[in-house]
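Examining the three-dimensional arrangement
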Amino acid sequence: MRIRSKVLALLLLLALVPGLAVADSAIMEELGSKAAKKAMQDLKMEKGDADLLILTNAGHAIVDGQTTQAALKGLSAESGNSIGDANLFQVLRPHWKPVWFYFFDKATGEAVFLQADSQALSGSQDDLGALPEEKLFSKISNANVDIDYLRNNTDEGNATFDGKAFNGNEFSLAGISNVWARGGAFDFIQATCFHDHLCPGVTSGLFLAKYVEEKLPINNISAESYKVIACPNWCKDDLLQMRWDATPGKSSMFVMALTDAEKKAVPGIAGIYIRWNDTVKEGDALALGYNFSAVELPQWTGPAWGSKLYQDIVLMPYVDTPEAFITVLKEFKVDAAKLAQMQNAGMHPLKVAGVM
Ligand SMILES: [Zn+2]
């Protein structure tokens with residue numbers, strides 16, 4: 001009997017534990033569903049509307065120990081949007097930030113931002129289902145973020161950006177939306193979501209990547225890969241990690257800053273890019289320079305919040321002519337010893353490469 005009751009207790013426990021997990025994910029799913037329902041109502045959009053973009057940190061955020069990926073299910077079910085349709089993206093944020101949802105209508109430029117109230121998520125699914133939107137979300141705000149609209153309505157832009165209408169996510173969300181609306185490629189949008197925002201710096205990463213891929217193409221996919229000496233580092237390096245799987249953890253990227261004096265000594269230096277062959281332990285390297293003002297781009301004359309947003313757009317036509325911004329400072333061969341020298345903390349990679 002004692003054994004039987006122990007077995008019974010164990011079975012009961014096993015039945016309960018997954019049950020709890022299901023209940024929690026159902027709450028997140030309901031949250032995503034309610035966010036989509038409310039936003040689509042405000043934007044007057046129907047399920048399956050190709051003009052709708054959804055951005056969220058769901059899946060990255062953790063609320064009271066509970067992961068939030070199930071919210072994506074609710075978002076998709078309600079809106080029809082998905083990663084596969086390139087109209088639902090997860091924007092990287094640290095797990096302790098509150099979970100938020102953002103909806104953008106390409107046709108009008110109108111956007112709705114909703115941030116979940118963590119307190120409201122501690123109840124049951126029924127509790128949550130019964131909560132009015134203003135209790136479930138600590139912030140619900142609307143704004144037009146289309147850059148062409150904002151150019152003519154700077155007062156609205158001032159209110160959105162200076163007033164933190166999206167709880168500090170304004171630049172991040174508006175930048176991604178504007179480029180998505182103008183046909184930004186899926187892989188580029190995905191990389192900017194990893195970077196947190198879309199800026200001229202991450203765009204320079206795309207241009208540098210395309211340039212390197214043209215000059216030093218990967219011909220042997222089983223032996224060759226790119227290694228990046230990210231010296232100096234800037235936003236570009238997050239795109240390179242995504243595009244090339246060139247992560248520091250796998251020794252494909254080494255990140256080092258430069259002092260102002262060092263930057264002056266090698267103007268425009270944008271790092272060293274190596275096509276490494278791991279079979280023969282040899283590589284071809286390019287030390288590249290990047291000049292942000294090499295091309296005369298149309299200028300934004302409005303308030304400061306619009307400057308980088310506008311640059312994001314006017315840079316788009318240059319995606320196939322990255323050489324306009326890039327110069328080769330040095331081209332050289334790399335063997336295992338030289339590679340090790342450029343990667344080591346005690347060495348200066350630009351001096352090892354002979355460009356400083
Ligand atoms: Zn950036």
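Residues numbered from 1 in each chain as written. Predicted model: local features only at pLDDT ≥ 70, side-chain atom pairs only at ≥ 80, totals over all residues. Heavy atoms only, no water.

So, on to the sheet that holds strand β6 (residues 110-116). The five strands lie next to each other as β4-β1-β5-β6-β7, forming an open sheet whose pairing is mixed. Two strands close off the open sheet at either side, each with one partner strand: β4 (88-90) and β7 (137-144). Sheet twist, expressed as the average angle between the axes of neighbouring strands with direction ignored, equals 15 degrees. Pairing geometry for strand β5 (residues 100-105) and β6, over five bridges, is antiparallel. Across the sheet, residue Tyr102 finds its bridge partner in β6, namely Phe113. Packing against the sheet, helix α7 (residues 170-181) makes contact with β1 (52-56), β4, β5 and β6, and its axis sits at approximately 35 degrees to β5. (Pairing = 2+ DSSP bridges. Helix = DSSP H or I, 4+ residues; strand = E, 2+ residues; numbered from the N terminus. Axes fitted to C-alpha atoms, helices over the stretch in contact; angles between N-to-C directions. Contact = heavy atoms within 4.5 Å.)

It is worth spelling out the pairing of strand β11 (residues 282-290) at this point. Along β11, eight of the nine residues are buried, which leaves the element largely enclosed by surrounding structure. With seven bridges connecting them, strand β10 (residues 269-277) and β11 associate as antiparallel partners. Within β11, the residue paired with Ile274 across the bridge is Ala285. The antiparallel hairpin formed by β10 and β11 contains four residues in its connecting segment, where Lys281 sits at a positive phi of about 55 degrees. Bridge count for β11 against strand β12 (residues 326-335) is nine bridges, and the pairing is antiparallel. (Buried < 20%, exposed > 50% of the residue type's maximum accessible area, 1.4 Å probe, protein only.)

Structurally, Lys338 can be placed in helix α13 (residues 336-343). When its relative accessible area of 25% is taken as the criterion, Lys338 is described as partly exposed. Between the C-alpha atom of Lys338 and that of Met40, which follows or precedes it by 298 residues, the distance is 56 Å. With sequence-adjacent residues up to four places away left out, Lys338 is seen in contact with Phe332, Lys333 and Val352.

The subject of this paragraph is the packing of aromatic side chains. Throughout the structure, instances matching the rule amount to 15 aromatic pairs. Between Phe104 and Trp180 the ring centres are 6.5 Å apart and the planes differ by 80 degrees, which places this aromatic pair in the edge-to-face class. Here Phe104 is found in strand β5, whereas its partner Trp180 is found in helix α7, with 76 residues between them in sequence. Accessibility assignment for this pair places Phe104 and Trp180 in one class, buried. Aromatic side chains Tyr226 and Trp244 sit 4.2 Å apart centroid to centroid with 35 degrees between the ring planes, which places their arrangement in the tilted category. Of the two residues, Tyr226 sits in strand β8 (residues 224-230) while Trp244 sits in helix α10 (residues 236-244), which places them 18 residues apart along the sequence. A network of ring pairs unites the aromatic residues Phe207, Trp234, Tyr290, Phe292, Tyr318 and Phe325 as a single cluster. Directly above the aromatic system of Trp234 lies the positively charged group of Lys236, at a separation of 4.6 Å from the ring centroid. Its guanidinium or amino end placed over the ring of Phe332, Lys330 lies 5.8 Å from that ring's centre, counting from NZ or CZ. (Phe/Tyr/Trp six-rings, centres within 6.5 Å; stacked < 30°, edge-to-face > 60°. Lys NZ or Arg CZ within 6 Å of the ring centre and 35° of its normal.)

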